[in-house]
Amino acid sequence: MVKLQLIQSQLKQAIEQRAALNDLPAVYRLFNGFYEGNPGLTLDRYGTGLVISDHNEPEGDLEDFKEIASFVLERVEGLQTALLKQRQHADEARKNGFLLMGDSLPDEIQEFGLTYALDLQMNQDASFYLDTRNLRRWLLDHSEGLDVLNTFAYTGSLGVGAGAGGAQRVIQTDLNSRFLAVGRRSWELNGLPTDGCEYIPGDFFRVMGRLRHADRLFGCVILDPPYFSITDAGQVDLQNQTTRLINKVRPLVAHEGWLVVVNNALFLSGKDFSAELESLCQSPYLSFEGMIDVPQDVIGYPETITDPPPVDPAPFNHPTKIAILRAYRRDARQA
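Here's what I pulled together on the structure shown here. Note that the structure is a prediction, hence the values are computed from the model and not measured. (Residues numbered from 1 in each chain as written. Predicted model: local features only at pLDDT ≥ 70, side-chain atom pairs only at ≥ 80, totals over all residues. Heavy atoms only, no water.)

What follows covers the nonpolar core. Core analysis: the biggest nonpolar cluster contains 40 residues, and Y46, F128, L135, W138, L139, C220 and V260 have the highest contact counts within it. The greatest single-element share of this core, amounting to 4 residues, is contributed by helix 5 (residues 133–142). Not counting residues within four places of it along the chain, the set of residues in contact with V260 comprises L135, W138, C220, V221, I222, L223, I322, A323 and I324. F152, L238, V249 and L259 belong to the second largest nonpolar core, which has 32 residues in total. (Core = buried A, V, L, I, M, F, W, Y, C linked by side-chain atoms within 4.5 Å. Buried < 20%, exposed > 50% of the residue type's maximum accessible area, 1.4 Å probe, protein only. Helix = DSSP H or I, 4+ residues; strand = E, 2+ residues; numbered from the N terminus. Contact = heavy atoms within 4.5 Å.)

Quick look at the structure:
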């Protein structure tokens, strides 16, 4: 970790740039050290809770982190507690996070008028991704009357956004049933119809096979996989195999339905990802409709950014690359 005085200077500037966000739902990134001059350190606000994530090898005592937490809590109104996640620590509990300051953590947050359940210590992540905020907004605006399939749903925030946007039915599927349980609570917190959402725990490849065998079609399919994972049913590799995953879900998209593709591979350039999508869209049955930007607070601001990402994400604005495709069915076009 760099000197505390330098970190405080960086944090002061970052907080000032994000000051306007204090009037919005209080869920945003306060500091992205990867871009803003302190690689490995990020600070996120979740309602009344500050989450400090240290991706570096742990060293020294915790006093520096306590100083950082105190510095931020004194300057950001409404923050009451601070949680530290040491992502490289040998102790799983330290990876998942422990309280530095305060007595209890928030278990709910608000965004765009919706309430989402939180479990900030459930795993190394914070149970709610900040970089897909604009995608949740898009789903609120584009899901009316649709059947929506949310694959790799994690805690289901995208599916909840679709449900609140008027989706007729939402299916949330993920390998981990604990994650889906958080999504179920978010659904209930918003008073959405109990029978409007189905939760399917299971392997992506097997679940997609069952849905295809049952001839299920969806007006919107969300594909937001982890960067890399392996099960006995298949492999997810966003660096090298995005097309393979897209082709797994394409048969499930209804005629003129949406296919939302998220790729967060840090070392896959935006140019290469765009070329992959362009190749797929040479077919008359798939078209590229646009991109969704990652919110500026997640990245940083021109006044605070000192380090570019290791690979250029352009034309996307962040390594989390979000593309909107539209699918067409051969049988419908030939009818």
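That was the structure; now back to the text.
Overall, mixed pairing links the 5 strands, which are arranged 1-2-3-4-5 in an open sheet. Strand pairing shows two members of the sheet lacking a second neighbour, strand 1 (27–32) and strand 5 (98–101), which therefore form its edges. Neighbour-to-neighbour, the strand axes of this sheet turn through a mean angle of 25°, independent of strand direction. Of the pairings in the sheet, the one linking strand 2 (residues 41–46) to strand 3 (residues 49–54) comprises 6 bridges and is antiparallel in character. Among the inter-strand pairings, Y46 is bridged to a residue of strand 3, identified as G49. Running at roughly 140° to strand 1, helix 1 (residues 4–17) makes contact with strand 1 and strand 2 of the sheet. (Pairing = 2+ DSSP bridges. Axes fitted to C-alpha atoms, helices over the stretch in contact; angles between N-to-C directions.)

Before going further, it helps to spend a moment on unusual backbone geometry. P315 follows A314 through a cis peptide bond whose omega is 15°. Positionally, P315 belongs in the loop between helix 11 (296–299) and strand 16 (321–327). Not every positive phi belongs to a glycine, and D215 is a case in point at roughly 60°. Its place among the elements puts D215 in the loop between helix 8 (204–213) and strand 11 (218–223). The exposure class assigned to D215 is exposed, which follows from its relative accessible area of 66%. Even without being a glycine, E256 presents a positive backbone phi close to 65°.

Our next topic: the packing of helix 5 against helix 6 (residues 157–164). Packing of helix 5 against helix 6 leaves a shortest axis separation of 7 Å and a crossing angle of 30°. The orientation of helix 5 with respect to helix 6, classified from their angle, is roughly parallel. The handedness of the crossing between helix 5 and helix 6 comes out as right-handed. When helix 5 is examined against helix 6, the residues L135, R136, L139 and L140 are found in contact with a partner set consisting of S157, L158, G161, A162 and A164. Class assignment for the residues of the contact of helix 5 with helix 6 results in 6 nonpolar, 2 polar and 1 charged. (Parallel < 35°, antiparallel > 145°, perpendicular 65-115°, else oblique. Left-handed = near helix turned anticlockwise from the far one by under 90°. Nonpolar A, V, L, I, M, F, W, Y, C, P; charged D, E, K, R; others polar.)

This part covers the environment of D331. In this structure, D331 sits in helix 12 (residues 330–334). When the C-alpha positions of D331 and H255 are compared, they lie 8.8 Å apart, and in sequence the two are 76 residues distant.

Attention now goes to the environment of G102. Inspection of the secondary structure puts G102 in the loop between strand 5 and strand 6 (108–111). Expressed as a C-alpha distance, the spacing of G102 and A82, which sit 20 residues apart in the sequence, is 6.6 Å. If we skip the residues at most four places from it in the chain, G102 touches Q80 and T81.

On to the pattern of salt bridges. On inspection of all chains with the given rule, the structure shows 12 salt bridges. A salt bridge links R87 to D125, with the shortest nitrogen-to-oxygen separation between them at 3.5 Å. One end of the pair, R87, is in the loop between strand 4 (81–86) and helix 4 (92–96); the other, D125, is in the loop between strand 7 (114–117) and helix 5, with 38 residues separating them in the sequence. Using a relative accessible area of 23% as the deciding quantity, one classes D125 as partly exposed. (Salt bridge = Lys/Arg side-chain N within 4 Å of Asp/Glu carboxyl O.)

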